[in-house]
Amino acid sequence: MSATDTIVALSTPAGESAVALIRLSGPDCADLGSSLLGKAEPLSPRHAYYGSYRAISDKIIDSCVLTYFAEGHSFTGAPMLEIAPHGNPLVVQLILEDLLSRGCRLAEPGEFTRTAFLNGRMDLTQAEAVADLIHARSERSLELARRQPHGSVGRKMSALTDQLLQIMAHLEAYIDFPEEDLPSEDQAGPARDLRTLIEELKALMETRHYAALLHEGVKTLIVGEPNVGKSSLINALVGSERAIVSDRPGTTRDYLSAFIMLGAWRIEILDTAGLHEGAEDLESIGIERTMEQSETADCFLLVLDSTGHSPTLPESLLQKMTPENTLVLENKIDLGVASEGAAFLPKFRHCQISAKHGSGLPEFKTAWTELLEAHTAPLSAVDGLVLNARHAAALSVATNALQSALDKMAAGELSELIAADLRQAVEGIGDVVGRVDNERMLDRLFKEFCIGK
Ligand SMILES: Nc1nc2c(ncn2[C@@H]2O[C@H](COP(=O)(O)OP(=O)(O)OP(=O)(O)O)[C@@H](O)[C@H]2O)c(=O)[nH]1
Ligand SMILES: [Mg+2]
């Protein structure tokens, strides 16, 4: 946005509502505020004015509440105006047309937040948190997004940069004063500090899995032999007849997925084709797909028929299951037959359920929530910070550069070369908060926003 543009957008969803919110940002806001309400004097900032919206044609369009925010004291940092007329699409349309005819320009998606970033009102991680807040689909991701705008990621990156700059200062002393009588080039201290820093960056990068779990949902695969009740389970969880259930083994041929909420968690749950040996044609394609999906699953619900024998499952699938990511569900307990399944995978947590009649489901959901909390606790434990994939990619550049510096130190290479690596690491850490002028990256980030934000 050029500093002379005044941008405008409807910030609330289009359609009928009690009130709509039209936002403007730019130098004309102060004058517009007074003239829209037909006032001669300027509006006081942060005061809500109730009045009639007077169009350029002098016609009154609607009554509205108008608030003016002065430069430096608004979301974008530029002067802003918020107009709240009734939420009638026609009224909104007339007001937008009137503002355009007064020289305003329609905002691009994310342009308000982009302006806030460019005006130094927030760093990139905070801008991303705004987007996360808008898109959050579970209580957990909402909580995460709310925490980040306070700039915790930015502060952490500044602290890491400071540490790195100290190490660089130490090393660069050798470059600046090579023949001075400095202590012998004892690199043990900086090398140790660099290793600690690398460990810290790696731990931070790991938290991106947590962000993915929150934003995309915890991908949970229901697996087991044919006819054990996998489709009955997904139906019970979703609360509707999502999957076909029948007493014929091999009913489910292809996986199907649904989203559910489990407490504060958003879960993507997948029903899959029953696994067994000797499957033919279509069934074996279905089994292949189950195995493909298992590659990217975060959690497994292994269903057993408690009236049957212990299952035979592909070794490659069993290897992916651990007591931390899998619950064993002994299904059909309503049939009341002693279960061989209880002895299967004894180190894993077992729950007894009846998918068909609903018994044991509340206890199973509690166990599942506990498993998720335990599964993700280590990921979210780094100073309460959670990074996204973009942050992690920037930190990975920094980590590689630090590792390269360490290798060069061990090989006794020139301090100048080591310092160049360290500078690259500083840039990598800076990229997380956006201390870079990379238009393409900014375009990609802000176009994910809605118009009016
Ligand atoms: N008694 C009883 N029957 C159940 C229960 N859960 C499922 N069934 C029955 O078991 C049969 C198989 O159920 P499905 O849900 O289709 O089993 P599936 O594991 O999806 O089977 P495939 O798609 O063939 O792999 C159906 O007749 C269900 O009604 C249960 O808890 N109790
Ligand atoms: Mg099925």
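In this text the structure is predicted, and so the values were computed from the model without any measurement.

The rules behind each value
Residues numbered from 1 in each chain as written. Chains lettered and ligands numbered in written order. Predicted model: local features only at pLDDT ≥ 70, side-chain atom pairs only at ≥ 80, totals over all residues. Near = placed C-beta within 6 Å. Helix = DSSP H or I, 4+ residues; strand = E, 2+ residues; numbered from the N terminus. Nonpolar A, V, L, I, M, F, W, Y, C, P; charged D, E, K, R; others polar. Core = buried A, V, L, I, M, F, W, Y, C linked by C-beta atoms within 7 Å. Buried ≥ 20, exposed ≤ 12 C-beta atoms within 10 Å, placed from the backbone. Contact = placed C-beta atoms within 7 Å. Pairing = 2+ DSSP bridges. Axes fitted to C-alpha atoms, helices over the stretch in contact; angles between N-to-C directions. Parallel < 35°, antiparallel > 145°, perpendicular 65-115°, else oblique. Left-handed = near helix turned anticlockwise from the far one by under 90°. pLDDT = per-residue confidence, 0-100. Expected span 1.5 Å × (residues − 1).

Visitor: Can you lay out the site of ligand 1 for me, pointing to particular residues and giving the numbers?
Guide: Ligand 1 sits among 24 residues. The nearest are Gly-229, Ser-231, Thr-252, Gly-274 and Lys-356. In terms of residue count, helix H9 (residues 230-238) provides more of the shell around ligand 1 than any other element does, three residues in total. Among the residues making up the shell around ligand 1, the classes are represented as six nonpolar, 13 polar and five charged.

Visitor: Pulling in residues and values, what's your account of the nonpolar core?
Guide: In globular proteins that are soluble, nonpolar side chains generally tend to be buried together. Ranked by internal contacts, the top residues of the largest apolar core, which has 100 residues, are Leu-24, Ile-222, Leu-302, Leu-329 and Leu-395. Here the element with the most residues in this core is helix H13 (residues 389-410); it accounts for eight residues. Apart from residues lying up to four places away in sequence, Leu-24 is in contact with Thr-6, Ile-7, Val-8, Cys-29, Leu-32, Met-80, Leu-81, Leu-99 and Cys-104.

Visitor: How would you explain the sheet that holds strand E3 (residues 22-25) if you had to name every residue and give the values?
Guide: Here six strands make up an open sheet; going across it, the order is E4-E5-E6-E3-E1-E8 and the pairing mixed. Of all strands in the sheet, those bounded by a partner on one side alone are strand E4 (48-54) and strand E8 (105-106). Bridge analysis of strand E1 (residues 7-10) against E3 gives four bridges, and the strand direction is antiparallel. In the sheet register, Val-8 faces E3, and the bridge partner there is Leu-24. Together, E1, E3, E4, strand E5 (60-69) and strand E6 (80-84) form the strand contacts of helix H2 (residues 89-101), whose direction differs from that of E5 by roughly 65 degrees.

Visitor: If you had to explain the sheet that holds strand E13 (residues 326-331) to someone new, which residues and values would you point to?
Guide: To summarise the sheet geometry, strands pair through backbone hydrogen bonds and adopt either a parallel or an antiparallel arrangement. Strands sit in the order E10-E11-E9-E12-E13-E14 across an open sheet of six strands; the sheet is mixed. Edge positions in the open sheet fall to strand E10 (256-262) and strand E14 (349-352), since each of these has one partner strand only. Taken pair by pair, the neighbouring strands of this sheet meet at an average axis angle of 25 degrees, ignoring direction. Relative to strand E11 (residues 265-271), E10 runs antiparallel, the two being bridged by seven bridges. The partner of Phe-259 across the bridge, within E11, is Glu-268. Strand contacts of H9: strand E9 (218-224), E10, E11, strand E12 (299-305) and E13, with the helix running at about 150 degrees to E11, the strand carrying the most contacts. Where helix H12 (residues 361-376) meets the sheet, its contacts fall on E9, E10, E11, E13 and E14, and the angle it forms with E14 comes to roughly 160 degrees.

Visitor: Quick one: what's the story with the pairing of E6, residue by residue and with numbers?
Guide: Buried residues dominate E6, accounting for five of its five residues. The alternating pattern of E6 places Met-80, Glu-82 and Ala-84 and Leu-81 and Ile-83 on opposite faces, both of which are buried. Where E3 meets E6, four bridges bridge the pair, whose relative direction is antiparallel. Residue pairing in the sheet places Ile-22 in a bridge with Ile-83 of E6.

Visitor: Go over the packing of helix H7 (residues 188-206) against H13, please, and point to the residues and values.
Guide: The geometry of H7 relative to H13 is characterised by a closest axis approach of 10 Å and an angle of 155 degrees between their N-to-C directions. For the element pair H7 / H13, the angle class is roughly antiparallel. Classified by chirality, the crossing of H13 by H7 is left-handed. Residues Ala-191, Leu-194, Arg-195, Leu-197, Ile-198, Leu-201, Lys-202, Leu-204 and Met-205 of H7 lie in contact with H13, whose contacting residues are Ala-392, Leu-395, Ser-396, Ala-398, Thr-399, Leu-402, Gln-403, Ala-405, Leu-406 and Met-409.

Visitor: Can you tell me about the environment of Pro-314, naming the residues and giving the values?
Guide: Looking at the element boundaries, Pro-314 is found in the loop between E12 and helix H11 (315-320). Owing to 16 C-beta atoms within 10 Å, Pro-314 belongs among the partly exposed residues under this scheme. Taking the C-alpha atoms as reference points, Pro-314 and Leu-275, separated by 39 residues in sequence, lie 7.8 Å from one another. Contact partners of Pro-314, with chain neighbours within four places excluded, come to Leu-275 and Met-291.

Visitor: Go over the pairing of E4, please, and point to the residues and values.
Guide: As paired strands, E4 and E5 are joined by seven bridges and run antiparallel to one another. Residue pairing across strands places Tyr-53 opposite Asp-62, the latter belonging to E5. Linking E4 back to E5 in an antiparallel pair, the connection comprises five residues, with Asp-58 at a positive phi of about 80 degrees.

Visitor: Give a description of the confidence of the model for the protein chain that names residues and reports values.
Guide: Within the protein chain, residue pLDDT values average 85, and 89% of them lie at 70 or more. For the protein chain, helix H15 (residues 439-447) is the element with the lowest average pLDDT, namely 58, and E6 is the one with the highest, namely 97.

Visitor: Which residues make up H13, and what are the values?
Guide: Over its 22 residues, H13 extends 31 Å from the first C-alpha to the last, a length consistent with the 32 Å expected when each residue adds 1.5 Å. Within the sequence span of H13, burial applies to His-391, Ala-392, Ala-394, Leu-395, Ala-398, Thr-399, Ala-401, Leu-402, Ala-405 and Met-409. Trailing H13 by a residue or two, Gly-412 shows a phi angle of about 70 degrees, which is positive.

Visitor: If you had to explain the packing of H13 against helix H14 (residues 415-433) to someone new, which residues and values would you point to?
Guide: Close contact between H13 and H14 brings their axes to 8 Å; oriented N to C, the two are set at 165 degrees. The pairing of H13 with H14 is recorded here as roughly antiparallel in orientation. Crossing angle aside, the handedness with which H13 passes H14 is left-handed. Along its contact with H13, which presents His-391, Ala-394, Leu-395, Val-397, Ala-398, Ala-401, Leu-402, Ser-404, Ala-405, Lys-408 and Met-409, the element H14 presents Leu-417, Ile-418, Asp-421, Leu-422, Gln-424, Ala-425, Gly-428, Ile-429, Asp-431 and Val-432.

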